[in-house]
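Commentary on secondary and tertiary structure
Okay, here's what each chain looks like letter by letter:
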Amino acid sequence: MATSDRLLGYAGSRKNLTGCACGLAGVGVALTGAAGGLWPLVVAGLYAAGALIAPPERPDTPEFPGAGEQLDALRTDFATLRAYLAEVELPPAAREGLDRLGTLVEALLEPGWVSDPEHLRVLARAVRQDVPEAVDTFVRTRWWSRFASGAEEPEGHLERQLAALHEEAAAIATALREEEAIRQRIHTRYVEERGD
């Protein structure tokens, strides 16, 4: 089966088609009588030369998901994360920080805003890794801290982690705001200069 697939693949390849075209030219030479009795060698030689000079087959370039598809998948994951977070019991300060972060991430995930691969990577890491890990670590640590008096409060770590994640998301929002301001200034300059 694999051999027949390879043969069929070669039959439609550039090398075979170029070789056939050159071999056909050899048949034309043979029909004119210029090759004489050596016409089979001329046809085979021209076929082989054509097959050798033909460019090699190139595999198709892989298609990776674009920014829109990545955002769709990230929105789905964010909805899953929100459902998980709704079931977790958190202290009020941590819940407030989580809600602020969630509101900002949700706004950034709206269509048409984030398209930069680095921004997408930061948001994906926050949604798929950082926030779930921070909350899960808090829940597990809080359970153990009941048995160890005087230990550092896990709420403080969670609040600091959420604040750092909020800063990352806010940096993306700031960058987007600056891009839009530059875009607006450029368009204003274009419209004003067009009138001249």
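For the structure itself, look to the data block above.
Bear in mind the structure is a predicted one, so any value in this text is a computation, not a measurement. (Residues numbered from 1 in each chain as written. Predicted model: local features only at pLDDT ≥ 70, side-chain atom pairs only at ≥ 80, totals over all residues. Heavy atoms only, no water.)

**Remarks on the overall build of the chain**
The number of helices and strands found in the chain is seven helices and zero strands. The secondary structure elements of the chain, listed N-terminal to C-terminal, are α-α-α-α-α-α-α. Radius of gyration (C-alpha) of the chain: 32 Å, far over the 16 Å computed for a compact globule of 196 residues. The C-alpha extent of the chain, read off along each of the three principal axes, is 100 × 65 × 25 Å. In the chain, the share of contacts with a sequence separation of at least 24, taken over all contacts with a separation of at least 6, comes to 75%. With an accessible surface of roughly 13,600 Å², the chain has 60% of that area assigned to carbon and sulfur atoms. One way to put it: in the chain the 20 positive side-chain charges average out to a point 4 Å from where the 30 negative ones average out. (Helix = DSSP H or I, 4+ residues; strand = E, 2+ residues; numbered from the N terminus. Rg over C-alpha atoms; globule rule 2.2 N^0.38 Å. Contact = heavy atoms within 4.5 Å. Areas by Shrake-Rupley, 256 points an atom, 1.4 Å probe, with all protein chains shown as cover. Lys, Arg positive; Asp, Glu negative; His and termini not counted. Charge placed at Lys NZ, Arg CZ, Asp CG, Glu CD.)

**With respect to the environment of Pro-111**
Structurally, Pro-111 is set in the loop between α5 (92-108) and α6 (117-145). Since its relative accessible area comes to 57%, Pro-111 is described here as exposed. Along the primary structure Pro-111 and Leu-71 are separated by 40 residues, whereas in three dimensions their C-alpha atoms are 7.7 Å apart. (Buried < 20%, exposed > 50% of the residue type's maximum accessible area, 1.4 Å probe, protein only.)

**Side note on the packing of helix α2 (residues 14-32) against helix α3 (residues 39-53)**
Two elements in contact, α2 and α3, have axes whose closest approach is 7 Å; the angle formed by their N-to-C orientations is 150°. Considered as vectors, α2 and α3 are oriented roughly antiparallel to each other. With respect to the hand of their crossing, α2 and α3 are arranged in right-handed fashion. The segment α2 lies against α3, with Lys-15, Asn-16, Thr-18, Gly-19, Cys-20, Cys-22, Gly-23, Ala-25, Gly-26, Val-27 and Ala-30 engaging Trp-39, Val-42, Val-43, Leu-46, Tyr-47, Gly-50, Ala-51 and Leu-52. (Axes fitted to C-alpha atoms, helices over the stretch in contact; angles between N-to-C directions. Parallel < 35°, antiparallel > 145°, perpendicular 65-115°, else oblique. Left-handed = near helix turned anticlockwise from the far one by under 90°.)

**Looking at the nonpolar core**
Within the largest apolar cluster, 31 residues are counted, with the highest numbers of intra-cluster contacts made by Val-105, Leu-108, Leu-123, Val-131, Val-135 and Leu-158. The set of elements that each furnish at least two residues to this core consists of α4 (67-87), α5, α6 and α7 (154-194). Sorting elements by how many residues they give to this core places α6 first, with nine residues. In this structure Val-105 touches Phe-78, Leu-123, Val-127 and Ala-169, once residues within four positions along its chain are discounted. (Core = buried A, V, L, I, M, F, W, Y, C linked by side-chain atoms within 4.5 Å.)

**Let's talk about the environment of Ala-164**
In this structure, Ala-164 sits in helix α7. On the accessibility criterion, Ala-164 (40% relative accessible area) is partly exposed. Through-space distance from the C-alpha of Ala-164 to that of Leu-101 is 9.9 Å; in sequence the pair is 63 residues apart.

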